[in-house]
Number of protein chains: 4
Amino acid sequence: MAETQRQRLEAREETILAAATAVFGESGVDGARMAEIARRADVAEGTVYLYYKNKHELLEAVVDRFWRELTKGAIAAISEGANVNQQLHELASYHLQSLIDDFKIVEITSRARMRHGEPVRQLPQIREYVRVFDGIMQRGIDLREFSADIAIWQIRDVFYGTLEHSARTLVLRDQVFDPLVIDHLMRLFEQYRPSLETDKTSGLQSSEIMQALSRIETKLSQF
Amino acid sequence: MAETQRQRLEAREETILAAATAVFGESGVDGARMAEIARRADVAEGTVYLYYKNKHELLEAVVDRFWRELTKGAIAAISEGANVNQQLHELASYHLQSLIDDFKIVEITSRARMRHGEPVRQLPQIREYVRVFDGIMQRGIDLREFSADIAIWQIRDVFYGTLEHSARTLVLRDQVFDPLVIDHLMRLFEQYRPSLETDKTSGLQSSEIMQALSRIETKLSQF
Amino acid sequence: MAETQRQRLEAREETILAAATAVFGESGVDGARMAEIARRADVAEGTVYLYYKNKHELLEAVVDRFWRELTKGAIAAISEGANVNQQLHELASYHLQSLIDDFKIVEITSRARMRHGEPVRQLPQIREYVRVFDGIMQRGIDLREFSADIAIWQIRDVFYGTLEHSARTLVLRDQVFDPLVIDHLMRLFEQYRPSLETDKTSGLQSSEIMQALSRIETKLSQF
Amino acid sequence: MAETQRQRLEAREETILAAATAVFGESGVDGARMAEIARRADVAEGTVYLYYKNKHELLEAVVDRFWRELTKGAIAAISEGANVNQQLHELASYHLQSLIDDFKIVEITSRARMRHGEPVRQLPQIREYVRVFDGIMQRGIDLREFSADIAIWQIRDVFYGTLEHSARTLVLRDQVFDPLVIDHLMRLFEQYRPSLETDKTSGLQSSEIMQALSRIETKLSQF
DNA sequence: TATGAATGAGGATTCATTCAT
DNA sequence: AATGAATGAATCCTCATTCAT
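The structure presented is a predicted model; accordingly, all values stated were derived computationally and were not measured.

Our next topic: the overall build of chain A. Counting its regular elements, chain A contains eleven helices and two strands. Helices and strands appear in chain A in the N-to-C order α-α-α-α-α-α-β-β-α-α-α-α-α. Here chain A, with 223 residues, has 31% of them falling under the buried criterion. Long-range pairs, those at least 24 residues apart, make up 66% of the contacts in chain A between residues at least 6 apart in sequence.

In the neighbourhood of DNA strand F, 31 residues make up the surrounding shell, with A:Ala44, A:Gly46, B:Gly46, B:Asn54 and C:Gly46 lying closest. When contributions to the surface near DNA strand F are tallied by element, the ones reaching two or more residues are α3 (45-51) of chain A, α2 (34-41) and α3 (45-51) of chain B, α1 (2-31) and α3 (45-51) of chain C together with α2 (34-41) and α3 (45-51) of chain D. Among the residues forming the surface near DNA strand F, the class breakdown is 13 nonpolar, eight polar and ten charged.

Within the structure, DNA strand E sits among 31 residues, and B:Gly46, B:Thr47, C:Gly46, D:Ala44 and D:Gly46 are positioned closest to it. Residues of the surface near DNA strand E, tallied by class, amount to 13 nonpolar, eight polar and ten charged.

Let's shift gears to helix α5 (residues 84-101) of chain B. Helix length check: α5(B) (18 residues) gives 26 Å between terminal C-alpha atoms against 26 Å at 1.5 Å per residue, within 8%. For α5(B), the complete set of buried residues consists of B:Gln87, B:Leu88, B:His89, B:Leu91, B:Ala92, B:His95, B:Leu96, B:Ser98 and B:Leu99.

Moving on, we get to unusual backbone geometry. Positive phi, close to 55 degrees, is recorded for A:Asp174, a residue that is not glycine. When you line up the elements, A:Asp174 lands in the loop between α8 (152-172) and α9 (179-189). Unusually for a residue other than glycine, B:Asp42 sits at a positive phi of about 60 degrees. Here B:Asp42 is to be found in the loop between α2 and α3. Accessibility expressed as a C-beta count within 10 Å gives 11 for B:Asp42, which makes it exposed.

Once that is clear, we can look at the packing of helix α4 (residues 55-77) of chain B against helix α6 (residues 103-112) of chain B. Residue and element names in this part refer to chain B. Interhelical geometry of α4 versus α6 gives an angle of 130 degrees and a closest axis separation of 9 Å. Here α6 runs oblique to α4, going by the angle between their axes. Viewed along their axes, α4 and α6 form a crossing whose handedness is left-handed. Listed contacts from α6 to Leu59, Glu60, Val63 and Phe66 of α4 are Ile105, Ile108, Thr109, Arg111 and Ala112.

On to the packing of helix α5 (residues 84-101) of chain D against helix α9 (residues 179-189) of chain D. All names here are of chain D. Contact geometry of α5 with α9 gives a least axis separation of 10 Å together with a crossing angle of 140 degrees. Put simply, α5 runs oblique to α9. When the axes of α5 and α9 are compared, the crossing they make is right-handed. Residues Asn85, Leu88, His89, Ala92, Ser93 and Leu96 of α5 form the contact with α9, whose participating residues are Val181, Ile182, Leu185, Met186 and Phe189. Considered class by class, the residues forming the contact of α5 with α9 number eight nonpolar, three polar and no charged.

In this section: the domain arrangement of chain A. All names here are of chain A. Taken domain by domain, chain A holds domain 1 (1-52) and domain 2 (62-221). Listed as interface residues are seven residues of domain 1 and, on the opposing side, eight residues of domain 2. Residues belonging to the side of domain 1 that touches domain 2 are distributed by class as follows: four nonpolar, three polar and no charged.

Another aspect to go through is the confidence of the model for chain A. Residues and elements named next belong to chain A. When pLDDT is averaged along chain A, the result is 87; 84% of the residues meet or exceed 70. By mean pLDDT, helix α10 (residues 197-201) is the weakest element of chain A at 44, and helix α2 (residues 34-41) is the strongest at 98. In the predicted structure, residues 197-205 sits below a pLDDT of 50 and forms 14 contacts with residues beyond four places in sequence or in another chain.

Let us look at helix α6 (residues 103-112) of chain A. Residues of α6(A) that are buried include every one of A:Ile105, A:Ile108 and A:Ala112, and no others. Burial along α6(A) is one-sided: seen end-on, the buried residues are contained in an arc of 65 degrees.

Residues and elements named next belong to chain D. Here Arg156 shows up in helix α8 (residues 152-172). Arg156 gets classed as partly exposed once you count the C-beta atoms within 10 Å, which come to 18. As a C-alpha pair, Arg156 and Asp134 span 22 residues in sequence and 7.7 Å in three-dimensional space.

Residue position: C:Lys53 is located in the loop between α3 and α4 (55-77). C:Lys53 sits 60 residues away from C:Arg113 along the chain, and the two C-alpha atoms are 17 Å apart.

With that settled, the discussion passes to the environment of B:Ile150. All names here are of chain B. One can find Ile150 in the loop between α7 (124-142) and α8 (152-172). A count of 18 C-beta atoms within 10 Å places Ile150 in the partly exposed class. The spacing of Ile150 and Lys104 is 46 residues in sequence and 32 Å in space, taken between C-alpha atoms. With sequence-adjacent residues up to four places away left out, Ile150 is seen in contact with Ile155 and Tyr192.

Scoring rules and cut-offs
- All residue numbers refer to position in the chain's written sequence, counted from 1.
- Ligands are numbered from 1 and chains lettered from A, in the order in which they are written.
- Under the rules for a predicted model, residues below a pLDDT of 70 receive no local features and side-chain atom pairs below 80 are neither given nor counted, while totals for whole chains, interfaces and linings still include all residues.
- Strands here mean DSSP runs of E at least two residues long; helices mean DSSP runs of H or I at least four residues long; both are numbered from the N terminus.
- Exposed residues have 12 or fewer other C-beta atoms within 10 Å of their own C-beta, buried residues have 20 or more, and residues in between are partly exposed; the C-beta atoms are placed from the backbone.
- By the convention adopted here, residues are in contact when the distance between their C-beta atoms, placed from the backbone, does not exceed 7 Å.
- In this analysis, residues qualify as near a molecule or strand once their C-beta atom, positioned from backbone atoms, comes within 6 Å of it.
- Under this grouping Gly is polar, as are all residues other than the nonpolar Ala, Val, Leu, Ile, Met, Phe, Trp, Tyr, Cys and Pro and the charged Asp, Glu, Lys and Arg.
- Here the expected length of a helix is defined as 1.5 Å per residue gap, with one fewer gap than residues.
- The angle between two axes is taken between their N-to-C directions and runs from 0 to 180 degrees, where each axis is a line fitted to C-alpha atoms and a helix contributes only its stretch in contact.
- Note on angle classes: values under 35 degrees are labelled roughly parallel, values over 145 roughly antiparallel, values of 65 to 115 roughly perpendicular, and the remainder oblique.
- Handedness of a helix crossing follows the sense of rotation of the near helix relative to the far helix, less than a right angle counterclockwise being left-handed and clockwise being right-handed.
- Segment limits for the domains were obtained from an automatic or database-derived domain assignment.
- A residue's pLDDT is the confidence the predictor assigns to it, expressed on a 0 to 100 scale.
- What the arc measures is the spread of directions leading from the helix axis to the C-beta atoms.

Pasting the structure below:
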């Protein structure tokens, strides 16, 4: 009984959060109406305030949930056994698709960072999400797939920056996911690989090619 | 006399625009109060409406001016005689610094794109600004400093995306211009240089092989 | 309970409507302030908008109610069994008194007819009110108390026109109901009674001759 | 020169008045914009205030002019030598047509009567206009064309009330001048004629018929 | 006398939040 | 816990009027 009761509450909270996410996404922070959120969640206006103190806290919850879900999805999207390159490819694809789907929420995120008009450094959920990328990169370095002297934070800016900008471009043009974007980005990452002597002398036996082939094998082994 | 009169009007319009830019930048579109803008421009509220029909048109004017000025500044920042690499370096530095200074206006730009709630494809001023980058890249290709087979739009996403993301990171951490960001970005662009001699000797160029492999991977990932 | 709740809402709506009627009556449409209406109804400004979408809809409701009540009152004022003359007398008295009491609302009525700046032909409530007069007149014709060849719409203009003009005159002079006005109007209506016996004996009825002459005059005046 | 100067000023005043009349007529008192009036008069906004202290005084001037012109027109419309009936016919026709043309100004008249929110008894210009009707009626009494025991003010209410109401009806239905309205009204006035013995005994030799014939003769003599 | 840019008070309307039921 | 009617502060915009030129 108590269990059922609690479950009902949690389900309702989730319903409200989903409705809020949709409305914030469609109308932006200031365009979103608490009444509309309540209507979509099929609860009374006052009920929303039983779960969230005010509009800003609801926004925070929406943003929080969004990045948590994004993190969960990212982890799920990555093939555990795959090599670093493959994983980056998967993460990039997942990120680009997510941005295309929910660009508005990402834009809104900066608003949730505000506390009394002053910006808060960084949301912990985003830190968590970023950690997925960082983990892959670090593993790449550990596995000598990436040079040890790269600065992950710089590459991170390239990775997420490029994907965000690409997503915005695509969304503005009503276009959908474009694999070329991912391919181009991944090719860029070749630069971060450690330079091997063999690389420079031979044309075909380069490690790049070997790596690409290994990724393809990995992929094939998944069927 | 008539000249003086007109100049006074233009000066006043500029004052209002500057005040609006500041207030929009500090408070965002919906947070900005017309009364505050008027106060800062030291005019009556009604006066603002003599120059701009409503808040949204004022916003459009602000955004328009911002990108126009940005374009002017970018062109001025680029050394005409310099080589392509140097020009890109200059543009990147200028762009990063501008973003750090006026990040909010960039964020706000998307709001100015709205017409009757519906988004407009692209603002002509931004197209103009982007053309500066495209021009340099095209010149790079023409001068054989870049491979002829690169897609400028993809590189553009990397360039602007990385700088925007870096700027946001820096701003969030209250940091200032970091030359490392530029250096890293420029090193990344080495990749777009034409293949080296060794590549040209082997019948099948490694980059072509890489591209073919990439296409295969893409295809595979779609299953 | 639910009954009580609904009653409370209806009572409140009525209170607002009454307050609005008073304020519109005193200050005219544009002179009326929503804040003043709310104050008189003893509700918050926002509350008015829960019941009426905007000022114009409130005005429409006020006008609608006025004419409905007028119709109700007119029907109540007429002695059902009385002869046509008596009924007309009662209606005229009731109408004159109503106009003296609420002249401003009648004047305002034309404003409620506006939709998007364009006038609407006729309000259904007024049509309903006018039907009371038309009914009596028709009954008078049926009962041979009035000639069959009268045009009700013309007599209607005389009836309401005279009463309205008289009411305006009285109100302007701060005077009250004057039974002379009614008596005079009723005496005028004698004219619409069927021709007397003497008329019926002559082959060509004098009224017919008069009508023919009148048509000739009309024709002549058009040159 | 001084003459020319004064004429120029008077012409300008007249232009402004004409523009104001048009705008007040189209948009009503509160709907009328001083800027629009100035625009139509082809003067600057401030110039209007050189001629009229404020909007209300301009309104008063407009109404004043309207009724003055109406009086002038009415006097011109009446055939000096004609008999009373004919003159009433002419006045009624002129009044109905004027109302159809400028109904809005008549409605607006009541607004010009306001002084500090309190209504003023009656405008002198209207008194003047009404005198035209009264004069004809008095002459009718003097010439024994009307009974001596009628009350002119009561008949006046019938006359103007009927015409105003008819005009409103016609305007609302987008119709034009309808001679039937005048005919009906004039026939109603037969009632005010002194009752003659001969009237009641003979069917055809009634004074009414004679009078109508005399009106026709009058009319014909005008060609 | 004429101009028209500038003023700023005023008002309709919205909507986040509260609270009696 | 849930409701939704009520609140009223807050804000964009209009426009009659003024006044420096």
